[in-house]
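Fold and geometry: a report
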Amino acid sequence: SMVMIMCALSDPQFSHKFDYSIIGHSGARYDLPLVPFGAPPTNDEERALVVEAMYRHAKSATTGDNSLQASVYATALVAE
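Description of the structure in this document. (Residues numbered from 1 in each chain as written. Predicted model: local features only at pLDDT ≥ 70, side-chain atom pairs only at ≥ 80, totals over all residues. Heavy atoms only, no water.)

Looking at the overall build of the chain
Along its length, the chain carries three helices and two strands. Sequence-ordered secondary structure for the chain, helices as α and strands as β, is α-β-β-α-α. Every one of the 80 residues in the chain was classed for burial, and the buried ones make up 18%. A separation threshold of at least 6 residues defines the contact pool for the chain, and within that pool the share at least 24 residues apart is 51%. (Helix = DSSP H or I, 4+ residues; strand = E, 2+ residues; numbered from the N terminus. Buried < 20%, exposed > 50% of the residue type's maximum accessible area, 1.4 Å probe, protein only. Contact = heavy atoms within 4.5 Å.)

Here you go:
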């Protein structure tokens, strides 16, 4: 689903309207930066690197749930 969102937001009809970031979370971390504000992936290769980073982290992360802490952190970043 992240690939679909990144592709949709890179469309010239929409790319100038939205600024977004993608932050991952797992049992190991609540603040895994994947895409910073102002620097979205612009091509398939860059989008693939984001997906690879998500996979690598999920593969090695410990179990646990940081969903609430991640939501609070992401909301604070948007509010800045």
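Quick word on the side chain of Asn 66
For Asn 66, the location among the structural elements is in the loop between α2 (44-60) and α3 (67-79). Of the polar contacts made by the side chain of Asn 66, one reaches the backbone oxygen of Ser 26; its length is 2.6 Å. Polar side-chain contacts of Asn 66 include one of 3.5 Å to the backbone oxygen of Arg 29. (Polar contact = N/O pair within 3.5 Å; in protein donor to acceptor, adjacent residues only side chain to side chain.)

Digging into the environment of Arg 47
Mapped onto the fold, Arg 47 is located in helix α2. The spatial distance from the C-alpha of Arg 47 to the C-alpha of Met 4 is 9.9 Å, given a sequence separation of 43 residues. Separated by 2.9 Å, the side chains of Arg 47 and Asp 44 make a polar contact.

Description of α2
With 17 residues, α2 extends 24 Å from end C-alpha to end C-alpha; this agrees with the ideal 24 Å at 1.5 Å per step. Residues Arg 47, Val 50 and His 57 constitute the buried set of α2. Seen along its axis, α2 keeps its buried residues to an arc of 90°; they face one direction. Projecting away from the buried face of α2 at angles above 90 degrees are the exposed residues Asp 44, Glu 45, Tyr 55, Arg 56, Lys 59 and Ser 60. Where α2 is buried, its residues meet α1 (2-10) and β2 (32-35). Two to three positions downstream of the cap, the backbone nitrogen of Glu 45 sits 3.1 Å from a side-chain oxygen, assigning the N-cap of α2 to Asn 43. (Expected span 1.5 Å × (residues − 1). Arc of directions from axis to C-beta.)

A look at the side chain of Ser 26
The topology assignment puts Ser 26 in the loop between β1 (22-24) and β2. Aside from chain neighbours lying at most four places away, what touches Ser 26 is His 57, Ala 61, Gly 64 and Asn 66.

Details of the packing of α1 against α2
Where α1 contacts α2, the two axes come as close as 10 Å, and the packing angle between them is 155°. Considering the angle they form, α1 stands roughly antiparallel to α2. Read as a crossing pair, α1 and α2 show a hand that is right-handed. Residue-level inspection shows Met 2, Val 3, Met 6, Cys 7 and Ser 10 of α1 in contact with α2, the latter providing Arg 47, Val 50, Val 51 and Met 54. Of the residues in the contact of α1 with α2, the class split is seven nonpolar, one polar and one charged. (Axes fitted to C-alpha atoms, helices over the stretch in contact; angles between N-to-C directions. Parallel < 35°, antiparallel > 145°, perpendicular 65-115°, else oblique. Left-handed = near helix turned anticlockwise from the far one by under 90°. Nonpolar A, V, L, I, M, F, W, Y, C, P; charged D, E, K, R; others polar.)

Functional significance is not addressed by these values, which are geometric in nature.
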